[in-house]
Amino acid sequence: MTAFEARNSPWRLVLLFMISLAFVFCGCILTGLIGRDWGDSLGQPRLDPDEARPVGWVVLIFFGACSLAVIRRLTQSGVELRIGVDGIYWRRWSDQTIPWTAIERVTTGSVHGQRFACLFLRNPAAFPSTGLVGKLAAINKSIGFGDIALSTTGTDRSFQAMMAAIAAFAPAGLLA
């Protein structure tokens, strides 16, 4: 059987970039950096600036970082995710392939319709992340998404195809 490979999809990444920019714009409004009276012009009650400002900064920083990450992915070519007999390689996590023997179990998770393949590693320290995704790994783990939460977002492959590849290549009993 041929290994599953997913590459970055330029049109999907541009869509993600546009969505991120929309949130950056909203964050700028909430922080007061632009358009302080936007609520009045829309016929909406004016937001209390002291309440909106902290939320705006969180939105601005998070989605600003997302925008930069998408730009970075737009400049990369090659395989983003590979699932095969050797294990799982995910460029956003690190440059090394995680062998099936290092994976304790694989489950699925979902947040607001975004689905993940959740990898629980036998020894997470043996496969440290070298990417931005690794910075969020502790948060993902704390809410039950395992050590690594694989996603096909922004790639040319679907979640269903990724899960079919995991089912085809993973040793029996690994997929919960």
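Right above here is the structure, for reference.
The shown structure was predicted, so the numbers you read here are calculated from the model rather than taken from an experiment. Within every chain, residues take consecutive numbers counted from 1 along the sequence as written. With pLDDT at 70 or above as the cut-off, local features in this predicted model cover only qualifying residues; side-chain atom pairs require 80 or more to be listed or tallied, and sums for whole chains, interfaces and linings still use all residues. The side-chain values count all of the structure's non-hydrogen atoms but skip hydrogen atoms and water molecules.

With that settled, the discussion passes to a nonpolar patch on the surface. Candidate patch residues must exceed 30% relative accessible area and have no salt bridge, after which like charges are joined if within 9 Å and Val, Leu, Ile, Met, Phe, Trp or Tyr side chains if within 5 Å. Note on areas: Shrake-Rupley with a 1.4 Å probe; residue coverage comes only from the protein chains shown. Definition used for salt bridges: Asp or Glu carboxyl oxygen within 4 Å of a side-chain nitrogen of Lys or Arg. On the surface, Phe25, Leu33, Ile34, Trp57 and Ile61 cluster together into a nonpolar patch covering about 500 Å² of accessible area. Helix and strand definitions here come from DSSP, where helices need a minimum of 4 consecutive H or I residues and strands a minimum of 2 consecutive E residues; each element is numbered from the N-terminal end. Here Trp57 shows up in helix H3 (residues 49-74).

When accessible area is computed with a 1.4 Å probe and restricted to protein chains, residues below 20% of their type maximum are described as buried, those above 50% as exposed, and intermediate ones as partly exposed. Residue alternation in strand S1 (residues 4-7) divides its side chains into a buried set, Phe4 and Ala6, and an unburied set, Glu5 and Arg7. Here, any two strands with at least 2 DSSP bridges between them count as paired. Of the pairings in the sheet, the one linking S1 to strand S2 (residues 79-84) comprises four bridges and is antiparallel in character. Each bridged residue has a counterpart across the sheet, and for Phe4 the counterpart in S2 is Ile83.

Moving on to the side chain of Ser67. With respect to the helices and strands, Ser67 occurs in helix H3. You can call Ser67 buried: its relative accessible area is 5%. Dropping the residues within four chain positions of it, Ser67 is found in contact with Phe17, Ser20, Leu21 and Val24. Here a residue-residue contact requires only that any non-hydrogen atoms of the pair lie within 4.5 Å.

A few words now on the nonpolar core. Formed by 27 residues in total, the largest nonpolar core has its most connected members in Leu81, Ile83, Trp100, Leu150, Met162 and Ile166. Taken together, the elements giving at least two residues each to this core come down to S1, S2, strand S3 (87-90), strand S4 (103-111), strand S5 (114-121), strand S6 (148-150) and helix H6 (159-169). By residue number, the principal contributor to this core is H6, which donates six residues. Once you skip the residues sitting within four places of it in the chain, Met162 turns out to touch Phe4, Leu81, Ile83, Ala117, Leu150 and Thr152. We define a nonpolar core as any set of buried Ala, Val, Leu, Ile, Met, Phe, Trp, Tyr and Cys residues linked to one another through side-chain atoms lying within 4.5 Å.

It is worth spelling out the pattern of salt bridges at this point. Taken as a whole and judged by the stated rule, the model has seven salt bridges. The partner of Arg92 in a salt bridge is Glu80, and the shortest N-O contact between them spans 2.9 Å. Within this pair, whereas Arg92 is found in the loop between S3 and S4, its partner Glu80 is found in strand S2, the two being separated by 12 residues in sequence. The two residues Arg92 and Glu80 agree in class, both being buried.

Take it as geometry only, folks, not as evidence of what the structure does.
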